[in-house]
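# Chains, contacts and geometry: an overview
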Amino acid sequence: MADSAPEHPMFNVLRSVSTDGGVSRIGRITLPKRRPVDTPNFLALTSRGVIPHLTPDVISQYTELGGTYMALEDFVEKSQKRIEPAVYNTKADGREILHAYTATPAPLVTVLGARRHPAVVAPMGNGKDYVSIYTSTGFQKLKTKDYHRAVDRLQPDISIPLADLTFGYSHIRTRLPNAKRQLRMVERTEDWLAEFIKLNTAEEGLGAAKPRVFAPLLPVDYPTQWEYLNRLAQDYVEEVSGLAVYDADILPNLREYDSLSSLPRLSMDFITSPHEILRQVQLGLDVFTVQFINSASDAGIAFIFSFPPPSSENSGEISPLGIDMWSKEHRVALKPLAEGCECYTCSRHHRAYVQHLLNAKEMLGWTLLQIHNHHILSEFFKGIRAALAIEPSTFERDCEAFSKAYELELPKGTGERPRARGYHFKAEGGQSRINAPAWEKYGDGGTEDPALAGEMAGLAVTGVSAEGKETPLVPDADVDADELDKKGFAEVDR
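In this text the structure is predicted, and so the values were computed from the model without any measurement. (Residues numbered from 1 in each chain as written. Predicted model: local features only at pLDDT ≥ 70, side-chain atom pairs only at ≥ 80, totals over all residues. Heavy atoms only, no water.)

## Looking at the overall build of the chain
Definition in use: Helical segments are the DSSP runs of H or I of at least four residues, strand segments are the runs of E of at least two, and each set is numbered from the N terminus. Accessibility here uses a 1.4 Å probe with only protein chains present; expressed as a share of the type maximum, an area under 20% marks a residue as buried, one over 50% as exposed, and anything in between as partly exposed. We call two residues contacting when some pair of their heavy atoms lies within 4.5 Å. With residues, only the protein chains shown are counted as cover, and all accessible areas are computed by Shrake-Rupley using a 1.4 Å probe.
In terms of regular secondary structure, the chain is built from 13 helices and 15 strands. Counting only residues that meet the buried cut, the chain has 51% of its 494 residues in that class. Within the chain, contacts between residues at least 6 apart in sequence are counted, and of these 68% link residues at least 24 apart. With the model as given, the accessible surface of the chain reaches about 24,700 Å², and the carbon-plus-sulfur share is 50%.

Below, the structure is given as structure tokens:
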């Protein structure tokens, strides 16, 4: 297909490099009031509008983030105490409401979607004219008209229209819905995109500039969404500023659509390791939502990978992608989390201190891990851009070296994670609790503490008795008070 390529001033492709997987490219996204975002790059994923464990001042001082992804379902819970969600009543003082309400630093780009990423599976699924969203007060129905009204009020920099997704799509390549359901997904998504664009067009010139629209590409095979892509390239391309790609494997088929080639591509695919990021960069994706960074920090994992890998790691020995900060070997290790890392955590603290914080369940421990891991990922993308920019490009060679130098999967944390926010998860039958109960009946499934047993019996237990080394003194029924007094019963140490 040879559609003419319109100009899209928000994204400029600086260089393209042909690879075995496709065409990789470096570029720059420029939006009003925001810091330019050099691509390839990544967006931080938020929870209730904030990046877990990172406050706005920490983000500004100790990270190099270009933007964040937020979900509308995190803000629109129903409440009997107020008529509409609090986010809509924010006094922005000249700022965009979404930036003001979440205290997002002004230079960062905000991307708004209906659902968090990855999303909780909705038991009832989506309907003909709505998607099911999971708020802190339960599931709700969200229609395109309501979503557009929210986007118009919150003013994110980029919005992703509703898409009919069968969430749990992290396993999309092995768990595709049936062909009839896939076709219905495409039809609904196209209808919702057309309605969203129509609402946008109807309000042009009535107020502030409209957020850029990134059209969703679904996690179904190319023939199923072929007609949708044609309509997108021919009828909607003038109203679309980018593509939100839910399955990176569709990228090779986009070469047939010249009018879509100049659009930035946001990966909403499920990414579990830096190896998958490199594969998707080779396919031609520009911006990434990286799920594993928050989960790794929660698990106590510190990243130690770099791109390209150090030459010493090309000797045949495979290195881990990260280290488990709960491991006993870091208990007295007075060295940085990653050798040569210049992040705030590594330049001011050491492994033993971070493990101490984790053991003490201090929030600062996970904050320091988040600062470090975001820095490592920012440096990773800098390395990718440098490898693509150099002439001749060393990107493919560096990708091959990276695959040989590092393990395929991130290590699993062995310690206790911070308490999970319950509304992020939907319990299923037979599933164990994600959070350990804060209180439980004493003695169930274990040996009772003799010191506590004595206290419960009304006895003062001190010294070795409190450590369980002897049985607390229990008087016989025929012993009088004078004899107990001589034996020192119930004396209190001063």
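## A short note on the sheet that holds strand E3 (residues 37-39)
Here is the rule we go by: In this scheme, strands are said to pair when DSSP sees at least two bridges between them. With axes taken as lines fitted to C-alpha atoms, and helix axes fitted only over the stretch in contact, angles between N-to-C directions fall between 0 and 180 degrees.
With respect to topology, three strands assemble into an open sheet ordered E1-E2-E3, the strand pairing being antiparallel. Where the open sheet ends on each side, the last strands, each with one partner, are strand E1 (11-18) and E3. Here the strands of the sheet are splayed against their neighbours by 15 degrees on average, with no regard to which way each runs. Each of E1, strand E2 (23-29) and E3 is contacted by helix H10 (residues 363-389), which is oriented at about 115 degrees to E2, the strand it contacts most.

## Brief notes about the pattern of salt bridges
What counts here: For this analysis, a salt bridge means a side-chain nitrogen from Lys or Arg found within 4 Å of a carboxyl oxygen belonging to Asp or Glu.
With the rule as written, the count across this model stands at 23 salt bridges. Among the salt bridges present, the one from Arg115 reaches Glu73, with a minimum N-O distance of 3.1 Å. Taken together, the positions of Arg115 in the loop between strand E6 (109-113) and strand E7 (130-135) and Glu73 in the loop between strand E5 (67-71) and helix H2 (97-102) put the pair 42 residues apart, joining distant regions of the chain. Accessibility classification places Arg115 together with Glu73 in one group, the buried group. Asp249 is the partner of Arg279 in a salt bridge, and the nearest nitrogen-oxygen pair spans 3.0 Å.

## Section: the packing of aromatic side chains
So the rule is basically this: Working definition: a ring pair exists when centres of Phe, Tyr or Trp rings (six-membered ring for Trp) sit within 6.5 Å. Plane angles under 30 degrees give stacked, over 60 give edge-to-face, the rest tilted.
The tally for this structure, following the rule as stated, stands at 16 aromatic pairs. Plain terms: the ring middles of Phe307 and Phe395 are 6.0 Å apart, the flat faces sit at 55 degrees to each other, and that makes the pair tilted. With Phe307 in the loop between strand E14 (301-303) and strand E15 (322-324) and Phe395 in helix H11 (residues 395-405), this residue pair connects regions lying 88 residues apart in the sequence. You'll find Phe307 and Phe395 in the same group, each marked buried.

## As for the packing of H10 against H11
Our working rule: Roughly parallel here means an angle under 35 degrees, roughly antiparallel means over 145, roughly perpendicular means 65 to 115, and every remaining angle is called oblique. Three categories are distinguished: nonpolar for Ala, Val, Leu, Ile, Met, Phe, Trp, Tyr, Cys and Pro, charged for Asp, Glu, Lys and Arg, and polar for the others, with Gly belonging to the last.
Two elements in contact, H10 and H11, have axes separated by 8 Å at closest approach and are oriented at 140 degrees. Here H10 is positioned oblique relative to H11, judged by the angle of their axes. Residues Phe380, Ile384, Ala387 and Leu388 of H10 lie in contact with H11, whose contacting residues are Phe395, Asp398 and Phe402. A breakdown of the residues in the contact of H10 with H11 according to their chemical character gives six nonpolar, no polar and one charged.

## Here we look at the environment of Val87
For Val87, the location among the structural elements is in the loop between E5 and H2. Judged by relative accessible area, which is 0%, Val87 ranks as buried. Once the C-alpha coordinates of Val87 and Phe75 are considered, the two residues, 12 residues apart in sequence, prove to be 6.5 Å apart.

## A short note on the nonpolar core
What counts here: By nonpolar core is meant a set of buried Ala, Val, Leu, Ile, Met, Phe, Trp, Tyr and Cys residues that side-chain atoms within 4.5 Å join together.
Counting residues in each nonpolar core, the largest one holds 123 residues, and the members touching the most others are Leu232, Ile277, Leu377, Phe380 and Ile384. A total of 11 residues in this core trace back to one element, the largest contributor, which is H10. Dropping the residues within four chain positions of it, Phe380 is found in contact with Pro274, Ile277, Leu278, Phe305, Phe307 and Phe402.

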